[in-house]
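Observations on the three-dimensional arrangement
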Amino acid sequence: MPAPTHAKVIIIGSGPAGLTAALYAGRANLAPIVFAGHMYGGQLMLTTEVENYPGFVDGIMGPELMEAFRAQAERFGSIIHNVDVTAVDFTKRPFVVRTYEDEYTADSVIVATGASARWLDIPGEARLRGRGVSTCATCDGAFFREKHIAVVGGGDSAMEEALFLTRFGRKVTVIHRRDSLRASKIMADRALNHEKISFIWNTAVEEVIGEDNTTALRLKNLIDGEETTLAADALFIAIGHDPNTAIFSGQLTLDKAGYIVSDDGVKTNVEGVFVAGDVYDIRYKQAVTAAGMGCKAAIDAEKYLESLETHHKAAVSVG
Ligand code: NAP
């Protein structure tokens, strides 16, 4: 049988939000089609140990958790394609969702495309990406055994990256633009008390220096403007994320930063199109909150589909 190209629910995204939506939609017998993206699994695929997902007393590795999410969604009939969505048309009914090769239609859509790591946009960064410059310690940390590794950022991601990188580097230096951390107290304390980690405060990274590989960073003190050079073999950038909403521009209402706007954190401005996870959520951004939103989006999509059927039956009986 050829794979279906129409679904009652299409889910775009495969992090905790998308795959929880798939699990719930699957259990509601809606046979959702999930576009997981070619880099499926969302941000937890790029992380190490997840200690704050409830139910795992000793923590669980991010990729392992996402494989379990996926298997559970598939168990209840989700059809998951590891391809990217390239365009949508929410002005038509059914809604249209395009990939590079095919066109699909859906009666409802759940958008759970998440967010992607932000870059500094400084000289040398793009050129030395993959040659010392990275946004993923899990992916690239092991290349820098016994090296001096720099991390930029002051949030939980930066602390997590710095702590993880102590497994490899002989020394880890966190460079932060202010004099206090945004990270949660537990993560901040761990990093501040780690013998291999030191901090450079009130400082911006202005340039990544190196021919074939990263060798140094040009730094600027933001209080007195003094510029210095710090020898470093790698720079891990952990300064937050931007929402993945380029394909929804002109289709859904987005805020100034590009996040999808929703009054209740589930419905978008288009009836029948729902949102879940980091593509909407600028406040909590946790795997467990994303999963909760995925659940809510699927339940609301199911209710919406029921209301469509009720209208349809009423129209048929009147006709
Ligand atoms: P975040 O909390 O937004 O922190 C981003 C950090 O990068 C901030 O310290 C910010 O500085 C800095 N920054 C932003 N733009 C910069 C730029 N252009 N140049 C230099 N520095 C810049 O992002 P996050 O750390 O990715 O965390 C996102 C969310 O995920 C948070 O809710 C966090 O709690 C959660 N998270 C949790 C865990 C965990 O619990 N284990 C792990 C990772 C993430 P300022 O402080 O000056 O704004």
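Residues numbered from 1 in each chain as written. Predicted model: local features only at pLDDT ≥ 70, side-chain atom pairs only at ≥ 80, totals over all residues. Heavy atoms only, no water.

**Describing the overall build of the protein**
What counts, and what does not: In DSSP terms, a helix is any run of H or I states spanning at least four residues, a strand is any run of E spanning at least two, and both are numbered starting from the N terminus. Categorising residues by exposure relies on relative accessible area from a 1.4 Å probe, with only protein chains included: less than 20% of the type maximum marks a residue as buried, more than 50% marks it as exposed, and the intermediate range marks it as partly exposed. By definition in these notes, contact holds between two residues if any of their heavy atoms fall within 4.5 Å.
Regarding its fold elements, the protein presents 6 helices and 19 strands. For the protein, the C-alpha atoms occupy an extent of roughly 80 × 40 × 35 Å along the three principal directions. When each of the 319 residues of the protein is scored for burial, the buried share is 47%. Within the protein, residue pairs in contact and separated by at least 24 positions form 61% of the contacts whose partners lie at least 6 positions apart.

**Digging into the site of the ligand**
Heads up, the condition is: The rule for a residue being near a molecule or strand is that one of its heavy atoms must lie within 4 Å of it. For the purposes of these results, a polar contact is taken to be a pair of N or O atoms within 3.5 Å, where, inside protein, one atom must be able to donate a hydrogen and its partner to accept one; residues adjacent in sequence count only when each atom of the pair is a side-chain atom. Where accessible areas are quoted, they stem from the Shrake-Rupley method and a 1.4 Å probe; at the residue level, only the protein chains shown are allowed to cover.
Near the ligand lie 20 residues; those nearest to it are Asp 156, Ser 157, Arg 177, Arg 178 and Arg 182. Residue Gly 155 places a main-chain N or O atom 3.4 Å away from an oxygen atom belonging to the ligand. Contacts to the ligand include Arg 177, whose side-chain N or O atom sits 3.0 Å from an oxygen atom. Coverage of the ligand by the protein amounts to 77% of the 920 Å² it exposes when considered alone. Of the residues forming the shell around the ligand, the biggest block, 3 residues, is contributed by helix α4 (residues 156-165).

**Section: the sheet that holds strand β15 (residues 216-221)**
Heads up, the condition is: Strands are labelled as partners when DSSP assigns at least two bridges between them. Axis lines are fitted to C-alpha atoms, over the contacting stretch for helices. Their N-to-C directions set the angle, which ranges from 0 to 180 degrees.
Spatially, the 3 strands line up as an open sheet ordered β14-β15-β16, and their pairing is antiparallel. Edge positions in the open sheet fall to β14 (203-209) and β16 (227-231), since each of these has one partner strand only. Looking at each pair of strands side by side, their axes are set apart by 30° on average, direction ignored. With 5 bridges connecting them, β15 and β16 associate as antiparallel partners. By the bridge assignment for β16, Leu 219 is matched with Thr 228.

**Details of unusual backbone geometry**
A cis geometry characterises the amide bond from Arg 93 onward to Pro 94, with omega recorded as -5°. Positive phi is not limited to glycine here, since Asn 29 has a value of about 65°. With respect to the element layout, Asn 29 can be found in the loop between α1 (16-27) and β2 (33-35). The backbone of Asn 202 sits at a positive phi, close to 50°, despite the residue not being glycine. Summarising the element assignment, Asn 202 is placed in the loop between β13 (197-200) and β14. A relative accessible area of 18% means that Asn 202 is categorised as buried.

**Points about the sheet that holds strand β10 (residues 133-134)**
Adjacent strands of a sheet form backbone hydrogen bonds with each other and so pair up, either parallel or antiparallel. Taken in spatial order, the 5 strands make up an open sheet running β10-β17-β11-β12-β13, and their pairing is parallel. Lying at the two open borders of the sheet, with one neighbouring strand each, are β10 and β13. Bridge count between strand β11 (residues 148-152) and strand β17 (residues 234-237): 4 bridges; the pairing is parallel. Within the sheet, the bridge partner assigned to Val 151 lies in β17 and is Phe 236.

**Side note on the domain arrangement of the protein**
Interface size is commonly expressed as the accessible area that is lost once the parts come together. Under the convention used in this document: Boundaries between domains were set according to an automatic or database domain assignment. Buried area adds together the accessible area that both of two parts lose upon being put together, with accessible area traced by a 1.4 Å probe. Note on definitions: salt bridges are taken to be side-chain nitrogens of Lys or Arg within 4 Å of carboxyl oxygens of Asp or Glu. Three classes are used: nonpolar for Ala, Val, Leu, Ile, Met, Phe, Trp, Tyr, Cys and Pro, charged for Asp, Glu, Lys and Arg, and polar for all others, with Gly counted as polar.
Partitioning the protein into domains gives domain 1 (6-117 + 241-318) and domain 2 (133-237). In this structure, domain 1 and domain 2 have C-alpha centres spaced 34 Å apart. Summing both partners gives a buried area of about 580 Å² for domain 1 against domain 2, and 50% of it is carried by carbon and sulfur. Taken together, the links from domain 1 to domain 2 amount to 1 salt bridge. In this structure, Glu 51 engages Arg 190 in a salt bridge whose closest nitrogen and oxygen atoms are separated by 3.3 Å. Taken together, the residues of the side of domain 1 that touches domain 2 break down into 2 nonpolar, 3 polar and 2 charged.

**Concerning the packing of aromatic side chains**
We count it as follows: Pairs were defined over the aromatic rings of Phe, Tyr and Trp, the Trp ring being its six-membered one, requiring ring centres within 6.5 Å. Orientation was assigned from the angle between planes: stacked under 30 degrees, edge-to-face over 60, tilted for the rest.
In the structure shown here, the tally under the stated rule is 9 aromatic pairs. Summarising the aromatic geometry, the rings of Phe 274 and Tyr 304 are spaced 6.1 Å apart at their centres and angled 70° between planes, so their arrangement reads as edge-to-face. Here Phe 274 is found in strand β19 (residues 273-275), whereas its partner Tyr 304 is found in helix α6 (residues 287-318), with 30 residues between them in sequence. For the residue pair Phe 274 and Tyr 304, the accessibility class agrees, reading buried in each case.

**Brief notes about α1**
Stated precisely, the cut-off is as follows: Expected span of a helix: the number of residues minus one, times 1.5 Å.
Its 12 residues place the ends of α1 16 Å apart at the C-alpha level, agreeing with the 16 Å of an ideal helix rising 1.5 Å per residue. Inspection of α1 places Pro 16, Ala 17, Gly 18, Leu 19, Thr 20, Ala 21, Ala 22, Leu 23, Ala 25 and Gly 26 among the buried residues, and these make up the whole buried set. Taken from the residues just after α1, Asn 29 is the one with a positive phi, measuring 65°.

**Section: a positive patch on the surface**
Short version of the rule: Distance thresholds for patches are 9 Å for like charges and 5 Å for nonpolar side chains (Val, Leu, Ile, Met, Phe, Trp, Tyr), applied to residues having over 30% relative accessible area and no salt bridge. Charged-residue counts in this description rest on Lys and Arg as positive and Asp and Glu as negative, His and the chain ends being excluded. Where a charge lies is defined by one atom per residue type: Lys uses NZ, Arg uses CZ, Asp uses CG and Glu uses CD.
Taken together, the side chains of Arg 177, Arg 178, Arg 182 and Lys 285 define a basic patch exposed on the protein surface. Note on placement: Arg 177 falls in the loop between β12 (171-175) and α5 (185-192). When its relative accessible area of 61% is taken as the criterion, Arg 177 is described as exposed.

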